[in-house]
Amino acid sequence: MTSGSKTARPPVAAASAAPSCRDPTAEAIVLALDAQGRIRLINRKGCELLGRPESELVGRDWIHCCQPPSTSPEAIRQALRAALRNRIDGHAYSLSPVITSSGDTRIIAWHNRPQLDATGRAVGMLSTGVEIEARGEKALPQAEHALRLGALLHAGPVLLWAADAAKHCYFFSPAWLSFTGHSLEQARGLGWVEAIHPQDRQHCLSSFHDAFEQRSPLSLECRLRRHDGAYRWIQNMGRPSFDAEERLIGYVGCCVDITPARQARERHLQEEDRRRERLQLILDHAPIGIWMLSPSGTLELVNRTLCDAMGIAEADWLAADHYTDLIPAPFDAEQRASDARAMAASGARVTQERLPFADGRLHDLRVIKLAKRDATGRPVALFGLCMDITEELRDEAARHASKPELHRIADWTYDWEYWTTPDGRFCYMSRSAERFTGYSAAEFHADPGLLDAIVYPEDRRAWQAHLPLHAQTCRQDAVSELELRIVKKDGSVLWVSHRCHPVFGDAGDYQGRRVTVTDIQDRKEAEEHIRNLAYFDALTGLPNRRLLLDRLGQALAASSRSRRYGALLMLDLDHFKALNDTKGHDAGDRLLVEVAQRITHVLRELDTVSRLGGDEYVIMLEELSADVEKAAGEAELVAEKIRGALNAPYQVVAGEPPHHCTPSIGVALFRGHQESIETLLKQADVALYQAKDAGRNRVRFFSPAMQIAIEARLALEHALRRALREEELRLYFQPQIDQHGRYIGAEALVRWHSREQGTLIPPMQFIPLAEETGLILGLGQWVVREACQQLKAWEADPQTRELQLAVNVSARQLQQPDFVAQIRDSLAESGANPARLKLELTESAFLANTQQIDERMKQLRALGVSFSLDDFGTGFSSLSYLKRLPFDQLKIDQAFVRDVTTDPNDAAIVAAILAMSRSLGLEIIAEGVETEAQRDFLLENGCHGFQGYLFGRPAPIEDLAQVW
């Protein structure tokens, strides 16, 4: 065990290390070898140093597995034999290198003592050691000094002992003797038993003798009296030693003080008992009956609620061979049949049953039964819950007494529930966890980190931000919710809603959190389906006009911040109609798809290509140069690349010659909000027609001739300001009809009678202009005042006093600090009933500051004013706002209604919106209804409110007075 050295003593070797001994009070390395150098015992400290478990080391040759390759195995073995023959001095110290599992070499200072059998023959070596940090001539003296200070044998927590084959203990370490206060003479033989607690002695001796008889490792826990008379719990571990002929030499063991761990374990058991008591208390006082049934029909658990209700004692329930023996006929047979069906069911079974109670009456019960199954699928127990719904059914029957039948719809949602303690451990988890994730509740209990591991990678940042919201510092009323994806055990992905409720005790102490996880996969798929229908072209998969406008708005904002140019390219295929007419629409569709793919291949990832319809495409380029000439050059380069790609031949009809098609492209540059989205599209469209006029297959930029239109816009703005001053504006009213053809109200629409032009100017010409210039604020306030006065006038007529009047409110109006005051003042001045006023908002009204808008809407609702979400389906995020803002009604945009009988996509969108509105409890009205077919489709799908030319055009109030 040592290389050549003048102080060669096993198991250490001399070395030129300058020691820097570790803390002398550190735990010692304890090593026991037999005469052949095999490891008989090694303690935890030694295992940690070598980086190997005890099971891998015991029985192996120390020299071959733990000495560095640079040492001589034979020299070390000879030193070990010499040490055993010469009975080395027990106070000799030396240094020796060892090699760890990672290949590192460590220097150990060793204290060595031979082990003798009953005849005095050396049968092994017992060594204790401490690691030193560096080499040097003073290593050995300093290590020896540290050991002599008692760091290993006196101050260390390990108590060592050795016994011969005759079961007589002949060695106890100084630490053991110091701990017990015994002398070596007192402890030898079986004298050590006197230090064992009287209640543990018999068990300790039996285990000691049994280990010797079976030659097996010894491991037991007992109480050992300390020198001060106090008893401490220790773990006593020993291993047998054998000579070369496999004869038992004796045992070497150690004792470790485990009193703190033992006390902690007892506290844990006490806490478990208290937890079980609390659970029993919950079961007994729950307002529902709870029981658990074995497959044979015997009850294994029944709570007090069910016992009291049935008038049967718990002991009688549990003693019955079959619980139905205590239930009168014919209910006993019904229960047996119900149990059999629940045992056969794959999930929870919900039924309505009747049973006689202790009060002598039959009670109606809602019963949930769920079979617990083993790994083979065989039922091993049946869990049951029942709730008395007698009064509920009686009340419902009273409400529906006039109906021939009683209809009741039960919609059970089985969510995944789990509870956690303040330190993040699971203290309860429902069995639904396996249905949601594929992992059982037991797997989550065994590995709390599994919850984080199943979060979808792209959602982990949001998940980590969500976690602090339910930490110990959260408010008692705080509830945090996150929608995210989880990865199930089979690799599939599921959308869920994760809703956390903090739990606090009566004293306000944080006790953990309660979490409900809901499956929202169907809703997310429906939202995605609606989004795809609304924002993507069904043929090519490209963004459609709605999504293009949204992205263009974002691009204008980004360009305003960066001061870099962007470009809008409008592309049209030359003579596309000829292909449709000659080869059919299938060939035309294949060409359109191929064009989309070629354009996409040319563009960068940050650019957008969309299809507006037919053969018209719009490409948006972002982050061009900040210099207008360079930006124009970059846009032209991209346009020419697109033109070149589209000039290549197309194989649109199999077996026929390739088809040749060319594009005409118009380009308009933009930077910031210098031009509106509508103006940019018009500029690109004008440039496109310039390309066509130039002979097609050309690229043309927007012509300055467009300034004519811009100047006309400025003139219109001046005229609108004058119209507001000179009261040229009037309110027109378009009727709103219910499913029975009755008038339920009207929408107030502003019209401009221009005295200068002598004509009626359409609102689409001046409303957007008013929005851009801020004139919408004064215009909107005027409309609200006029509408309130009209409502007051209607109150005088029985035919009109119940009508509602809808008024459009712009985003800029709603964002004004005094908006609520304006509405309140208008209602007060006119004396109109607030319940008859409905404000219509578009999504743009609450994009900027949703929380502030929500507060203002709630203030107005408190007055009685209602709200309608106008143009629903055209915004990008309308679905999320429905959940957050207090809307009473949805208004389906006429863009969907227009083609609802001819376009399957629009029909699907409208049907989905109607179904969703019903589930949310919202009223719904469709605008732009112009044909009987449109009205019939909407009516069949559950729409009960209509507005459009089919029922009446917008008209002055004098004209409508004849039809109310």
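Conventions we followed
- Chains are numbered independently. Their residues run from 1 in the order of the written sequence.
- Owing to the predicted nature of the model, reporting of local features is limited to residues with pLDDT of at least 70; listing and counting of side-chain atom pairs is limited to 80 or more, with chain, interface and lining totals taken over all residues.
- Water and hydrogen atoms play no part in the side-chain values, which are based on all heavy atoms of the structure.
- UniProt positions are given in the numbering used here, feature names are shortened, and annotations may be inferred rather than shown by experiment.
- The working definition used for a salt bridge is a side-chain nitrogen of Lys or Arg within 4 Å of a carboxyl oxygen of Asp or Glu.
- In this scheme, a residue with accessible area under 20% of its type's maximum is buried, one over 50% is exposed, and one in between is partly exposed, where area comes from a 1.4 Å probe on protein chains only.
- What is meant by a nonpolar core is a set of buried Ala, Val, Leu, Ile, Met, Phe, Trp, Tyr and Cys residues, joined one to another through side-chain atoms within 4.5 Å.
- Numbering goes from the N terminus for both helices and strands, where a helix is a DSSP run of H or I of at least four residues and a strand is a run of E of at least two.
- A strand pair is defined by DSSP finding two or more bridges across the two strands.
- Between the first and last residue of a helix there are one fewer steps than residues, each counted as 1.5 Å, and that sum is the expected span.
- Taken from the helix axis, the directions to the C-beta atoms give the arc we talk about.
- Two residues qualify as a contact provided that any one of their heavy atoms is within 4.5 Å of a heavy atom in the partner residue.
- In protein, a polar contact requires one atom able to donate a hydrogen and another able to accept it; more generally it is a pair of N or O atoms within 3.5 Å, and residues adjacent in sequence count only if both atoms are side-chain atoms.
- The axes are straight lines fitted to the C-alpha atoms, using for helices just the contacting stretch, and the angles between their N-to-C directions are given from 0 to 180°.
- Residues are called lining when one of their atoms sits within 4 Å of a cavity or pocket point, these points coming from a 1 Å grid over the protein atoms alone, where a cavity is a set in which a 1.4 Å probe fits but cannot get out and a pocket is an open set with protein on both sides within 12 Å along at least five of seven lines.
- Grid points are joined across faces, edges and corners, and a volume is the space filled by probe spheres set on the points.
- In the scheme used here, Gly and all other residues not listed as nonpolar or charged are polar, with Ala, Val, Leu, Ile, Met, Phe, Trp, Tyr, Cys and Pro taken as nonpolar and Asp, Glu, Lys and Arg as charged.
- Any two rings among Phe, Tyr and Trp, with Trp reduced to its six-membered ring, count as a pair given centres within 6.5 Å; such a pair is stacked if its planes are under 30 degrees apart, edge-to-face if over 60, and tilted if neither.
- These descriptions rest on fixed angle ranges, namely under 35 degrees for roughly parallel, over 145 for roughly antiparallel, 65 to 115 for roughly perpendicular, and the rest for oblique.
- Helix crossings are classified by the rotation of the near helix relative to the far one: an anticlockwise turn of less than a right angle makes the crossing left-handed, while a clockwise turn makes it right-handed.
- pLDDT runs from 0 to 100 and stands for how confident the predictor is about each residue.

- In the annotation of an unreviewed UniProt entry, the entry for the protein reads cyclic-guanylate-specific phosphodiesterase, and the organism field reads Thiorhodococcus minor.
- Quoted straight from UniProt, the Cofactor (unreviewed entry) entry for the protein says "Mg(2+)".

**Looking at the pattern of salt bridges**
Alright, step 1. For the structure shown, the criterion picks out 57 salt bridges.
Alright, step 2. Between Arg742 and Asp738 there is a salt bridge, with its nearest N and O atoms 3.2 Å apart.
Alright, step 3. Look at Arg742 and you get exposed, because its relative accessible area is 51%.
Alright, step 4. Exposure remark for Asp738: the relative accessible area of 9% places this residue in the buried category.
Alright, step 5. One salt-bridge network, in which partners are shared between bridges, spans Glu221, Arg262, Arg265 and Glu266.

**Concerning the nonpolar core**
Alright, step 1. In terms of nonpolar packing, the biggest core is built from 80 residues, with Trp752, Leu837, Leu839, Phe887, Ile892 and Leu938 touching the most fellow members.
Alright, step 2. If you tally residues by element for this core, the top one is helix H26 (residues 776-794), at eight residues.
Alright, step 3. Formed by 33 residues, the second largest nonpolar core is a distinct cluster that contains Ile599, Leu603, Ala631 and Tyr650.

**Focus on the pairing of strand S22 (residues 608-613)**
Alright, step 1. In this sheet, strand S23 (residues 616-621) lies alongside S22 in antiparallel orientation, the contact comprising five bridges. Its bridge partner being in S23, Gly613 is matched across the sheet by Glu616.
Alright, step 2. Linking two consecutive strands that pair antiparallel, namely S22 and S23, is a turn of two residues; a positive phi of about 55 degrees is found at Gly614 within it.

**Regarding H26**
Alright, step 1. In this model, H26 (19 residues) spans 26 Å end to end at C-alpha, consistent with the 27 Å of a helix rising 1.5 Å per residue.
Alright, step 2. By the burial criterion, the buried members of H26 are Ile776, Leu779, Gly780, Val783, Val784, Ala787, Cys788, Gln790, Leu791 and Trp794. Buried residues of H26, seen end-on, are gathered within an arc of 170 degrees and therefore sit on one face of the element.

**Some remarks on helix H22 (residues 628-647)**
Residues that lie three or four places apart on an α-helix share one face, since the helix turns once every 3.6 residues.
Alright, step 1. With 20 residues, H22 ought to run about 28 Å at 1.5 Å a step, and its terminal C-alpha atoms sit 28 Å apart, in line with that.
Alright, step 2. When we look at burial in H22, the residues that qualify are Ala631, Ala632, Ala635, Val638, Ala639, Ile642 and Leu646. An end-on view of H22 places all buried positions within 130 degrees of arc, on one side of the element. The exposed set on the far side of H22, more than 90 degrees from its buried face, consists of Glu629 and Lys630.
Alright, step 3. Considering only its buried residues, H22 is in contact with strand S21 (566-573), helix H21 (585-602), S23, strand S24 (663-670) and strand S25 (699-701).
Alright, step 4. Measuring from the backbone nitrogen of Glu629 back to the side-chain oxygen at the start of H22 gives 3.2 Å, which picks out Asp627 as the cap.

**What to know about the sheet that holds strand S12 (residues 299-302)**
Alright, step 1. An order of S12-S11-S15-S14-S13 is seen for the five strands of this open sheet, with the pairing classed as antiparallel. Single-partner strands in this sheet number two, and they are S12 and strand S13 (349-356). Within this sheet the neighbouring strands show an average axis-to-axis angle of 25 degrees, counted without direction.
Alright, step 2. The pairing of strand S11 (residues 289-293) with strand S15 (residues 379-388) spans five bridges and is antiparallel. Within S15, the position partnered with Met292 by the bridge is Phe383.
Alright, step 3. Its contacts with the sheet put helix H12 (residues 331-344) on S11, S13, strand S14 (362-373) and S15, and the angle it makes with S14 is roughly 35 degrees.

**Side note on the side chain of Arg52**
Alright, step 1. One can find Arg52 in the loop between helix H1 (44-50) and helix H2 (54-57).
Alright, step 2. We classify Arg52 as buried; its relative accessible area is 18%.
Alright, step 3. From its side chain, Arg52 meets the backbone oxygen of Cys65 in a polar contact 3.3 Å long.
Alright, step 4. Setting aside residues up to four positions removed in sequence, Arg52 forms contacts with Cys47, Leu57, Arg60, Cys65 and Ser101.

**With respect to empty space enclosed by the protein**
If you roll a probe as big as a water molecule over the atoms, it shows you where there is empty space left.
Alright, step 1. As enumerated under the stated definition, the model contains six cavities of 30 Å³ or more in all.
Alright, step 2. Listing elements by their share of the lining of the largest cavity, those giving two or more residues are helix H10 (304-310), S13 and S14.
Alright, step 3. Take the lining of the largest cavity: its biggest share by element is three residues, from S14.
Alright, step 4. Across the lining of the largest cavity, the residue classes break down as eleven nonpolar, one polar and two charged.
Alright, step 5. Reported here for the second largest cavity is a volume of approximately 110 Å³.
Alright, step 6. As for the second largest cavity, its lining consists of 14 residues, of which Trp161, Trp176, Trp192, Asn236 and Cys255 are closest to the centre.

**Some thoughts on the sheet that holds strand S16 (residues 416-420)**
Alright, step 1. Pairing is antiparallel in the open sheet, where five strands are placed in the order S17-S16-S20-S19-S18. Only two strands of the sheet have a single neighbouring strand rather than two, namely strand S17 (426-429) and strand S18 (480-487). Between one strand axis and the next, the sheet turns through 25 degrees on average, direction left out of account.
Alright, step 2. Where S16 and S17 come together, three bridges link them in antiparallel fashion. Within S17, the position partnered with Thr420 by the bridge is Phe426.
Alright, step 3. The sheet strands contacting helix H18 (residues 521-535) are S18, strand S19 (493-504) and strand S20 (510-519), and the helix crosses S19 at an angle near 125 degrees.

**Some points on the packing of aromatic side chains**
Alright, step 1. With the rule as written, the count across this model stands at 17 aromatic pairs.
Alright, step 2. Between Phe208 and Phe212, the ring centres sit 4.8 Å apart and the planes meet at 55 degrees, which makes this aromatic pair tilted. With Phe208 and Phe212 both in helix H8 (residues 198-214) and four residues apart, this pair spans about one turn of that helix.
Alright, step 3. Under the relative-accessibility criterion, Phe212 is labelled buried at 5%.

**A short note on the packing of helix H28 (residues 819-830) against helix H29 (residues 850-863)**
Alright, step 1. Two numbers describe how H28 lies on H29: the axes approach to 10 Å, and their chain directions differ by 15 degrees. Classified by the angle between their axes, H28 and H29 sit roughly parallel to one another. The interaxial crossing formed by H28 with H29 has right-handed handedness. Contacts from Phe819, Val820, Ile823 and Arg824 in H28 reach Arg856, Gln859, Leu860 and Leu863 in H29.
Alright, step 2. Taken together, the residues of the contact of H28 with H29 break down into five nonpolar, one polar and two charged.

**A look at the confidence of the model for the protein**
Alright, step 1. Summarising the model, the protein shows a mean pLDDT of 84, and 88% of its residues fall at 70 or more.
Alright, step 2. When pLDDT is averaged over each helix and strand of the protein, the minimum, 44, is found for helix H5 (residues 139-148) and the maximum, 96, for S23.
Alright, step 3. A low-confidence stretch, residues 1-26 (pLDDT under 50), is modelled with 94 contacts involving residues beyond four sequence positions or located in other chains.
Alright, step 4. With pLDDT under 50 throughout, residues 402-413 is counted as low confidence; its partners more than four residues away or in other chains account for ten contacts.

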